[in-house]
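These are the residues of each chain, in order.
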Amino acid sequence: MAKEGGKEVEQQGFVAKDYTDPPPTAIFDVGEFKLWAFYRAVIAEFIATLLFLYITVATVIGHKRNQTACGSVGLLGIAWAFGGMIFVLVYCTAGISGGHINPAVTFGLFLARKVSLPRAVLYMVAQCLGAICGCGLVKAFQKSYYDEYGGGANSVAHGYTKGVGLSAEIIGTFVLVYTVFSATDPKRNARDSHIPVLAPLPIGFAVFMVHLATIPITGTGINPARSFGAAVIYGHQKSWDDQWIFWVGPFLGAAGAAAYHQYILRAGAIKALGSFRSNPHV
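Treat the numbers as computed from the prediction; the structure is a model and nothing was measured.

Re the overall build of the chain
- The secondary structure content of the chain amounts to 12 helices and 2 strands.
- Starting at the N terminus and ending at the C terminus, the chain contains elements arranged as β-β-α-α-α-α-α-α-α-α-α-α-α-α.
- Each of the 282 residues in the chain was classed as buried or not, and the buried ones make up 43%.
- In the form shown here, the chain has an accessible surface area of approximately 14200 Å², with 66% of it arising from carbon and sulfur atoms.

Have a look at this one:
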C-alpha cells in the first residue's frame, strides 16, 4: 500500500508515519518575550547547568582527593558522572527547554534554525551563570580541597600542545552535537517509529565516551559553560590562559556537526533547490 501524497506508506508489512519538515525557527521572535514558557525554559537551563557542574566537579575533586588511597572512582567514574548527569538532566528538562545544558549545543541548534537568537543568547547566559553557581557550591562546601585539587578547571595537560587540545575539543564537541541532532531528529522518529529511542540515553553516552578519550588531554570541556564556570571560581591563571580553547573548539565542533547533519545527511541545501525528491512527479 502506498499513497503518493497521502499519510501512510506500507512496505513489506511496515507502516511508516507521515513526515513533514518543521519550518525553521525565526531568527528573532519578539513574541517569545511575552511567554512564561520562554522564561521557564531559561530558568530550567540555569538550574540544570548548576546541578550538572555541582555533581561533576564534586566528583572530580573527590577523585583527586582519594586518588592515592585507592578509593577514587578513577577516570572511568568521572566519565560516568558527566555522561550520567547529562542523561538525567536532559531527560528532566527536554520537555521544558530542550535540555541543552551546553552553549555549544545551543549554538549548533541555533545555526540549524531550531531556536531563535534571543532564546540562544539567554540560554547561554543562563548556562554560564548556572555553571558559576554550581562550581561555587562545590567550593563553598569543600574550599580547601577545591583549591588544592584544581577546582575541576580545564586546561591543556602537560605534554600536549594547544593545537592538540583545540583539535580534541572540536572533535569531541562534534561527536556530542552530532548525536544530539541524530537523537532528536523528527524524521528519524517518524521513519524508525518501530525502534523506540530515548534521546537522553545516546546523548549521555556520547558525553561519556568523549570524556574517556579527552580527559587526559584537556580534562574534557566540550561545554563552554562548564569550562567558564570552573575557571571563574578557581581563578588561577593557567585555566584562563587556555580558556579560549574551550570556547573556540566547542563552537567550531558544533558548527561542523550542524552543517554535516543539516546539509549532508538531511541534504537541506539540495532540498531547497528542489533536487533529490523521492517522488519524481512532485
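From this point, the narrative continues.
Some details on unusual backbone geometry
- Look at isoleucine 101: it is not a glycine, yet its phi comes out positive at around 55°.
- Tracing the backbone shows isoleucine 101 in the loop between helix H2 (74-93) and helix H3 (103-111).

Regarding helix H8 (residues 200-218)
- Maximum bend of H8: about 45°, positioned at leucine 212, with proline proline 216 one to four residues after it.
- Restricting attention to buried positions, one finds in H8 the residues Pro200, Ile203, Gly204, Ala206, Val207, Phe208, Val210, His211, Thr214, Ile215, Ile217 and Thr218.
- Contact partners of the buried residues in H8: H2, helix H6 (162-183) and helix H11 (245-265).
- Just downstream of H8 lies glycine 219, where phi reads positive at about 80°.

Some words on the nonpolar core
- With 43 residues, the main nonpolar core has Phe52, Val57, Cys135, Tyr146, Leu176 and Ile203 as its most contacted residues.
- Breaking this core down by element, the ones donating at least two residues are helix H1 (36-66), H2, H3, helix H4 (117-141), H6, H8, helix H9 (224-234) and H11.
- Sequence-distant contacts of isoleucine 203, defined by excluding residues within four places in its chain, comprise Ile86, Val90, Leu176, Thr179, Val180 and Ala183.

Structural notes on the packing of H6 against H11
- It is at 7 Å that the axes of H6 and H11 come closest, and there the two elements cross at 40°. With respect to their mutual orientation, H6 and H11 come out oblique. The two elements H6 and H11 cross, and the hand of that crossing is right-handed.
- Residues belonging to the contact of H6 with H11 are distributed by class as follows: 16 nonpolar, 8 polar and 2 charged.

Topic: the environment of tyrosine 178
- Mapped onto the secondary structure, tyrosine 178 falls in helix H6.
- Along the primary structure tyrosine 178 and alanine 257 are separated by 79 residues, whereas in three dimensions their C-alpha atoms are 5.0 Å apart.

Concerning the packing of aromatic side chains
- All chains considered together, the criterion is met by 17 aromatic pairs.
- Centre to centre, the rings of phenylalanine 205 and phenylalanine 208 are 6.3 Å apart; their planes meet at 85°, and the pair counts as edge-to-face. Separated by 3 residues within a single helix, phenylalanine 205 and phenylalanine 208 lie in helix H8, roughly one turn from each other.
- For the ring pair phenylalanine 228 and tryptophan 240, a centre distance of 6.0 Å and an interplane angle of 80° mean the geometry is edge-to-face. Highlighted residues: phenylalanine 228 in helix H9 and tryptophan 240 in helix H10 (residues 237-241), separated in sequence by 12 residues.
- Tryptophan 240 sits in the partly exposed class, given a relative accessible area of 36%.
- A network of ring pairs unites the aromatic residues Phe107, Phe228, Trp240, Trp247 and Phe251 as a single cluster.

Analysis parameters
- Residues numbered from 1 in each chain as written.
- Predicted model: local features only at pLDDT ≥ 70, side-chain atom pairs only at ≥ 80, totals over all residues.
- Heavy atoms only, no water.
- Helix = DSSP H or I, 4+ residues; strand = E, 2+ residues; numbered from the N terminus.
- Buried < 20%, exposed > 50% of the residue type's maximum accessible area, 1.4 Å probe, protein only.
- Areas by Shrake-Rupley, 256 points an atom, 1.4 Å probe, with all protein chains shown as cover.
- Bend = angle between axes of the 7 residues up to and from the residue.
- Contact = heavy atoms within 4.5 Å.
- Core = buried A, V, L, I, M, F, W, Y, C linked by side-chain atoms within 4.5 Å.
- Axes fitted to C-alpha atoms, helices over the stretch in contact; angles between N-to-C directions.
- Parallel < 35°, antiparallel > 145°, perpendicular 65-115°, else oblique.
- Left-handed = near helix turned anticlockwise from the far one by under 90°.
- Nonpolar A, V, L, I, M, F, W, Y, C, P; charged D, E, K, R; others polar.
- Phe/Tyr/Trp six-rings, centres within 6.5 Å; stacked < 30°, edge-to-face > 60°.

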